[in-house]
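So you can see what is in the structure, the chains are spelled out below.
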Amino acid sequence: MARPREFDRDEALVKARDAFWVRGYEGTSMADLVAELGIASARIYAAFGSKEDLFREAVGLYETREGGFVDRALAEEPTAQRAVARILREAVEVYTRQGKPWGCMVVSAATNCAAENIRLQDWLAQRRHRQTDAIAERLRRAVMDGEIVDTDVQRLADYLTAVMHGLSVQARDGVPATRLAALCDLALVVMDGFSKHEMADFAS
């Protein structure tokens, strides 16, 4: 009897991630995953557990790679303004890359779910909320450091997150990167209004 074909689990997870990224959780059936991964459903279950477990792991992969640009910018940039400029620039880059799904996986993968999958919708919402909270925390530090004026940092963080989510939706709709970058320029004008220093140019 021929042995089942070996498969690379990491490679299979990347393929699953892209399938969920393009079609969403409910729009991706097990038949789709079998076709994308090139292995039988029994082997998918053996390797990853349930479809939900596979989806959660795929989101984790997205967040550590493409979707991790927010955390990296917040951690690596010396000022909140530079972090925000980098976040918006990289959002456009990630959401419009050729040969990859468009938009943000965490924004688009489970925005509407059947009742039995509401927990996944809530789970993704919590991850988006945590990202907003991280931006707000960085802005609070900027206020304490005298980089930006004392303001309602939660409102500003909510605004910046809304811009990012809008970039994702527009990228999914095929709006070109040049137009999305122009939208980011407007967002940075808003950010500059809270600054005590000159704002770096978006393209820098």
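Every chain's residues receive numbers from 1 upward, in the order its sequence appears when written. A pLDDT threshold of at least 70 governs which residues receive local features in this predicted model, and a stricter bar of 80 or more applies before side-chain atom pairs are shown or counted, although totals over entire chains, interfaces and linings include all residues. Only heavy atoms go into the side-chain values, all of them from the structure, while hydrogens and water stay out.

Residues belong to one nonpolar core when they are buried, are Ala, Val, Leu, Ile, Met, Phe, Trp, Tyr or Cys, and are joined through side-chain atoms within 4.5 Å. We call a residue buried when its accessible area falls under 20% of the maximum for its residue type, exposed when it is over 50%, and partly exposed in between, using a 1.4 Å probe and counting protein chains only. Counting 62 residues, the largest nonpolar core has Phe55 and Leu139 as the members making the most contacts within it. In DSSP terms, a helix is any run of H or I states spanning at least four residues, a strand is any run of E spanning at least two, and both are numbered starting from the N terminus. With 10 residues, helix H6 (residues 80–95) is the single largest residue contributor to this core. In this analysis, two residues are considered to be in contact whenever any of their non-hydrogen atoms come within 4.5 Å of each other. Residues contacting Leu139, with those up to four places away along its chain left out, are Ala80, Ile148, Val153, Leu156, Ala157, Leu160 and Met191.

What helix H5 (residues 69–76) keeps buried is the set Phe69, Val70, Ala73 and Leu74. Down the axis of H5, the sector holding all buried residues measures 130 degrees, keeping them to one side. Opposite the buried face of H5, at more than 90 degrees from it, the exposed residues are Asp71, Ala75 and Glu76. Next to the buried residues of H5 lie H6, helix H8 (118–144) and helix H9 (153–172). Throughout, the arc means the angular range of directions from the helix axis out to the C-beta atoms.

Another aspect to go through is the packing of helix H1 (residues 9–23) against helix H2 (residues 30–37). Here an axis means a line fitted to C-alpha atoms, over the contact stretch when the element is a helix, while the angle between two N-to-C directions is reported on a 0 to 180 degree scale. Axis separation between H1 and H2 bottoms out at 9 Å; the angle between their running directions is 135 degrees. One element, H1, and the other, H2, form an angle in the oblique class. Crossing angle aside, the handedness with which H1 passes H2 is right-handed. Residues Ala12, Lys15, Ala16, Ala19, Phe20 and Arg23 of H1 lie in contact with H2, whose contacting residues are Asp32, Leu33, Glu36 and Leu37. Angle categories: roughly parallel below 35 degrees, roughly antiparallel above 145, roughly perpendicular from 65 to 115, and oblique for all the rest. In a left-handed crossing the near helix is turned counterclockwise from the far helix by less than a right angle, and in a right-handed crossing that turn is clockwise.

This part takes up the packing of aromatic side chains. What counts as a ring pair is set by centres within 6.5 Å for rings of Phe, Tyr and Trp (its six-membered ring), and what kind of pair is set by the plane angle: stacked under 30 degrees, edge-to-face over 60, tilted for all other angles. In this structure the tally under the stated criterion is 6 aromatic pairs. Measuring from ring centre to ring centre gives 6.0 Å for Phe20 and Tyr25, while their planes differ by 20 degrees; the resulting arrangement is stacked. The residues Phe20 and Tyr25 share a single accessibility class, namely buried. Measuring from centroid to centroid gives 6.0 Å for Phe69 and Tyr95, while their planes differ by 75 degrees, and the two rings are edge-to-face. Remark: Tyr95 occurs in helix H6 and Phe69 occurs in helix H5; sequence separation between them is 26 residues. When sorted by exposure, Phe69 lands in the same class as Tyr95, which is buried. In this structure an aromatic cluster arises from ring pairing among Phe20, Tyr25, Phe55 and Trp123. Of note, Lys51 hangs over the ring of Tyr25, and the distance from its end group to the ring centre comes to 4.4 Å. Here, a charge over a ring means that NZ of Lys or CZ of Arg falls within 6 Å of the ring centre while also lying within 35 degrees of the ring normal.

What follows deals with the packing of H9 against helix H10 (residues 177–192). The description of two helices packed together rests on the angle between their axes and the distance between the axes. It is the contact of H9 with H10, at a shortest axis distance of 11 Å, that shows an interaxial angle of 175 degrees. One element, H9, and the other, H10, form an angle in the roughly antiparallel class. Side by side, H9 and H10 meet where Leu156, Tyr159, Leu160, Val163, Leu167, Gln170 and Ala171 of the first sit next to Leu180, Leu183, Cys184, Leu186, Ala187, Val190 and Met191 of the second.

What follows covers the pattern of salt bridges. Note on definitions: salt bridges are taken to be side-chain nitrogens of Lys or Arg within 4 Å of carboxyl oxygens of Asp or Glu. In the structure shown here, the tally under the stated rule is 15 salt bridges. A salt bridge links Arg119 to Glu52, with the nearest nitrogen and oxygen atoms 2.5 Å apart. Of this pair, Arg119 sits in helix H8 while Glu52 sits in helix H4 (residues 51–64); the two residues are 67 residues apart in sequence, bridging distant segments of the chain. Under the relative-accessibility criterion, Glu52 is labelled buried at 12%.

Taken by themselves, the reported measurements are silent on function.
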